Amino acid sequence: MTSDELKQIELTKTFVKQTLKTAEGGHDWFHIERVYKNSKLIAKNETVDNFVVALGALLHDIADSKFHNGDDTIGPQKARAFLFSINVDSVVIEHVVKIIENISFKGGNVTQQFSSKELNVVQDADRLDALGAIGIARTFNYGGFKNHKLYDPEILPKLNMTKEEYKNSKAPTLNHFYEKLLLLKDRMNTNTGKQIALQRHQYMEGFLKQFYDEWNGLK
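Conventions we followed
- Residues numbered from 1 in each chain as written.
- Predicted model: local features only at pLDDT ≥ 70, side-chain atom pairs only at ≥ 80, totals over all residues.
- Heavy atoms only, no water.
- Helix = DSSP H or I, 4+ residues; strand = E, 2+ residues; numbered from the N terminus.
- Rg over C-alpha atoms; globule rule 2.2 N^0.38 Å.
- Buried < 20%, exposed > 50% of the residue type's maximum accessible area, 1.4 Å probe, protein only.
- Contact = heavy atoms within 4.5 Å.
- 1 Å grid on protein atoms, 1.4 Å probe; cavity = no way out; pocket = protein on both sides within 12 Å on 5 of 7 lines; lining within 4 Å.
- Points joined across faces, edges and corners; volume = space filled by probe spheres on them.
- Phe/Tyr/Trp six-rings, centres within 6.5 Å; stacked < 30°, edge-to-face > 60°.

*Asks:* If you had to explain the overall build of the protein to someone new, which residues and values would you point to?
*Replies:* For the protein, the helix and strand inventory stands at 10 helices and 0 strands. Listed N to C, the secondary structure of the protein is α-α-α-α-α-α-α-α-α-α in terms of helices and strands. Expected size for 219 residues packed as a compact globule is a radius of gyration near 17 Å; at 18 Å, the protein falls within 12% of this value. Along the first, second and third principal axes, the C-alpha atoms of the protein reach 60 × 35 × 30 Å. Each of the 219 residues in the protein was classed as buried or not, and the buried ones make up 47%. Sequence separation of at least 24 residues holds for 68% of the intrachain contacts in the protein that already meet a minimum separation of 6.

As structure tokens, this is what we get:
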């Protein structure tokens, strides 16, 4: 990367930290930082534009629709305006905006309108942060933030939700494992992402077994 690009990345980090300083704990700067680090790790084994990957990772959750009344246009708009303000090339800006618009799971039944190797890397990095120990912690943190039940055996997970149903779900937190988290392993794009996801997936399966054993008084 050029010296100008490195400076723009540092400016972006500062912007994101400031913007997300009061964010919910699973979608704060530390989430962004982990996705950024995961993106760099995955990108080592991919032929990609590392500048686009870096900006996409840093800005992918700059205005998550979950915290903006379901409006998924705010994030791309905010990212575009910021990148323009620091003189990022217009072609790069549009690529980063496309990554932000297409990265989300959205219930798993929405067809992506854009594809690129850079999106594949950032999407895998974001999905990895929804898996494993941190994925579990983030899931229950968000469930508590929304005052959802931990678990209710009478409320079954709902698969194949529409985008709107997924956005508006008030289901118990444990259902989210079946509605999203356990599905991610088979939706990874890169070999590196798939390898890491498998290990984290297995960790979550062990957690769920322990959870049910404790719930049912078996341990």
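Back to the text.
*Asks:* Quick rundown of the layout of surface pockets? Include the residues and the values.
*Replies:* Computed from the structure, the largest pocket encloses a volume of approximately 1,200 Å³. Along the wall of the largest pocket there are 46 residues; nearest its centre are H27, D64, K66, Y142 and Y166. Elements supplying a minimum of two residues to the lining of the largest pocket: helix 4 (74–85), helix 5 (90–102), helix 6 (117–128), helix 7 (132–145), helix 8 (163–168) and helix 9 (175–179).

*Asks:* Talk me through the packing of aromatic side chains; I want residue IDs and the actual numbers.
*Replies:* Applying the stated rule across the entire model yields 11 aromatic pairs. A centroid spacing of 4.0 Å and a plane angle of 5 degrees characterise the contact between F15 and F82, whose relative ring orientation is stacked. Residue F15 is located in helix 1 (residues 3–19), and its partner F82 is located in helix 4; the two are separated by 67 residues in the primary sequence. Grouping aromatic residues by their ring pairs yields a cluster made of F140, Y151, F177, F207, F211, Y212 and W215.

*Asks:* Tell me about the environment of I9, and please be specific about residues and values.
*Replies:* You can see I9 is positioned in helix 1. Judged by relative accessible area, which is 2%, I9 ranks as buried. Separated by 28 residues in the primary sequence, I9 and K37 place their C-alpha atoms 13 Å from one another. When near neighbours in sequence (up to four residues on either side) are disregarded, I9 contacts M1, Y36, F51, A54, L55 and L58.

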